[in-house]
Amino acid sequence: NFGIYDMNSTSTGNEVHDNFIHIQDAYNNVIGLAANNVNIHNNTIMIGSDSNSSSSNSNYGIMGTNNIIHHNIISLESNSNSYAIENTYNIFTYTNMSIYDNQIELIGGASGIRGDRLNIYDNTMSGDGATAIKINGDEGQEIEIYNNILVGSISIHDETTAHVHHNLITTNNDGLEIAYNA
């Protein structure tokens, strides 16, 4: 189930903005906005869990590849296998994408941002998130994570060079995990 779907785009310069997406009673595999190669901004995305289920799984506010994501409001009620934003890179471009100035509310243990080749800054998270930011990078990647207010941990893996500074992290578990030669 999708609110907006544009995963087939290979062109650049497209924008998705000023939309209000509200999906109630989401169970599994629900995506508010799915797009590739897009500037995604000024959207409000709200995904609520299925009232008949104790655990919604694999739900996403925004999902895609090579997106610039900024000035969005995202509320996600789901479990820790769900992310408000998942943005991966195209292996042919090798450029970092930016995620900035988003307001993210995590409910029920949902997680914040997952991806690779990302510069993440000036985002505000609230709620009870499990993981605020998870980076699954590759050797030679450099990322920046700064000036964020986060709930949950930051996890950086797989030989990624990370510049992490000026973040406020509220968590019940690990604050910053760097693993697998990162």
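Residues numbered from 1 in each chain as written. Predicted model: local features only at pLDDT ≥ 70, side-chain atom pairs only at ≥ 80, totals over all residues. Heavy atoms only, no water.

## A few points about the overall build of the protein chain
Rule in force here: In this text, helices come from DSSP runs of H or I with a minimum length of four residues, and strands from runs of E with a minimum of two, each type numbered from the N-terminal end. C-alpha atoms define the radius of gyration in this analysis, and the globule rule sets the expected value at 2.2 Å times the number of residues to the power 0.38. Relative accessibility under 20% of the residue-type maximum defines a buried residue, over 50% an exposed one, and the middle range a partly exposed one, all with a 1.4 Å probe and only protein chains included. Here, two residues are considered to be in contact whenever any of their heavy atoms come within 4.5 Å of each other. Residue burial considers only the protein chains on display, and all accessible areas are found by Shrake-Rupley using a 1.4 Å probe.
A tally of regular secondary structure across the protein chain gives 0 helices and 22 strands. Since a compact globule built from 182 residues should have a radius of gyration of about 16 Å, the 15 Å found for the protein chain is in line with a globular shape. Over its C-alpha atoms, taken along the principal directions, the protein chain stretches across nearly 40 × 40 × 25 Å. The buried share of the protein chain, taken over its 182 residues, is 49%. Counting contacts in the protein chain only where the partners sit at least 6 residues apart, residues at least 24 apart contribute 49% of the total. Accessible area of the protein chain: about 8400 Å², with a carbon and sulfur share of 43%.

## Comments concerning the packing of aromatic side chains
Heads up, the condition is: Stacked, tilted and edge-to-face are the three classes assigned to paired rings of Phe, Tyr and Trp, where Trp is represented by its six-membered ring and a pair needs centres within 6.5 Å; plane angles under 30 degrees give stacked, over 60 edge-to-face, the rest tilted.
Enumeration according to the criterion identifies 3 aromatic pairs in this entry. The interplanar angle of 0° and the centroid separation of 5.1 Å between the aromatic rings of Tyr100 and Tyr121 together place this pair among those described as stacked. Taken together, the residues Tyr100 in strand β11 (residues 97-100) and Tyr121 in strand β14 (residues 118-121) connect sequence positions 21 residues apart. Just as Tyr100 is buried, Tyr121 falls in that class too. Ring pairs connect the aromatic residues Tyr100, Tyr121 and Tyr146, which therefore count as one cluster.

## Some words on the environment of Ile120
Considering the arrangement of structural elements, one finds Ile120 in strand β14. As a C-alpha pair, Ile120 and Glu15 span 105 residues in sequence and 19 Å in three-dimensional space. Dropping the residues within four chain positions of it, Ile120 is found in contact with Ile99, Ile113, Ile133, Ile135, Glu144, Ile145, Tyr146 and Asn148.

## Thoughts on the sheet that holds β11
Hydrogen bonds along the backbone pair up the strands of a sheet, which may run parallel or antiparallel. Put simply, the test is: For two strands to be treated as a pair, DSSP must find no fewer than two bridges joining them. Helix axes are fitted only over the stretch in contact, all axes being lines through C-alpha atoms; the angle between N-to-C directions runs from 0 to 180 degrees.
Spatially, the 7 strands line up as an open sheet ordered β2-β5-β8-β11-β14-β17-β20, and their pairing is parallel. One side of each edge strand has no neighbouring strand; the edge strands of this open sheet are β2 (14-17) and β20 (161-165). On average, each strand axis in the sheet is tilted by 10° relative to the strand beside it, whichever way the strands run.

## Description of the side chain of Glu86
Worth spelling out the cut-off: In the analysis that follows, any N or O atom pair within 3.5 Å is treated as a polar contact, provided that within protein one partner can donate a hydrogen and the other can accept it, and provided that, for residues neighboring in sequence, both atoms belong to side chains.
Within the secondary structure, Glu86 is located in strand β10 (residues 83-88). At 2.4 Å, the side chain of Glu86 and the side chain of Arg114 are in polar contact. Here Glu86 is in contact with Tyr60, Ile62, Met63, Gly64 and Arg114, once residues within four sequence places are set aside.

## Re the sheet that holds β10
The strand order across the open sheet built from 8 strands is β1-β4-β7-β10-β13-β16-β19-β22, with neighbouring strands paired in parallel fashion. Single-partner strands in this sheet number two, and they are β1 (2-6) and β22 (176-178). Recorded for the sheet is a direction-independent mean angle of 5° between the axes of neighbouring strands.

## Observations regarding the environment of Leu176
Mapped onto the secondary structure, Leu176 falls in strand β22. Of the residues examined, Leu176 reaches a relative accessible area of 43% and is grouped as partly exposed. In this structure, the C-alpha to C-alpha distance between Leu176 and Ile107, residues 69 residues apart in sequence, is 21 Å. Those residues in contact with Leu176 that lie beyond four places of it in its chain are Ile154 and Ile156.

## Here we look at a negative patch on the surface
Cut-off, in case you're wondering: The patches reported here contain residues having more than 30% relative accessible area and no salt bridge. Joining distances are 9 Å for like charges and 5 Å for nonpolar side chains (Val, Leu, Ile, Met, Phe, Trp, Tyr). Any carboxyl oxygen of Asp or Glu that lies within 4 Å of a side-chain nitrogen of Lys or Arg is treated as forming a salt bridge with it. Residues scored as positive are Lys and Arg, those scored as negative are Asp and Glu, and His as well as the terminal groups of each chain are ignored. Charge positions are represented by NZ for Lys, CZ for Arg, CG for Asp and CD for Glu.
A cluster of acidic side chains, namely Asp138, Glu139, Asp158 and Glu159, defines a negative patch on the protein surface. Along the chain, Asp158 falls in the loop between β19 (153-157) and β20.

## Describing the pattern of salt bridges
Enumeration according to the criterion identifies 1 salt bridge in this entry. Residue Glu86 is joined to Arg114 by a salt bridge in which the shortest nitrogen-to-oxygen separation is 2.4 Å. Residue Glu86 is found in strand β10, and its partner Arg114 is found in strand β13 (residues 111-115); the two are separated by 28 residues along the sequence. Under the relative-accessibility criterion, Glu86 is labelled buried at 13%.

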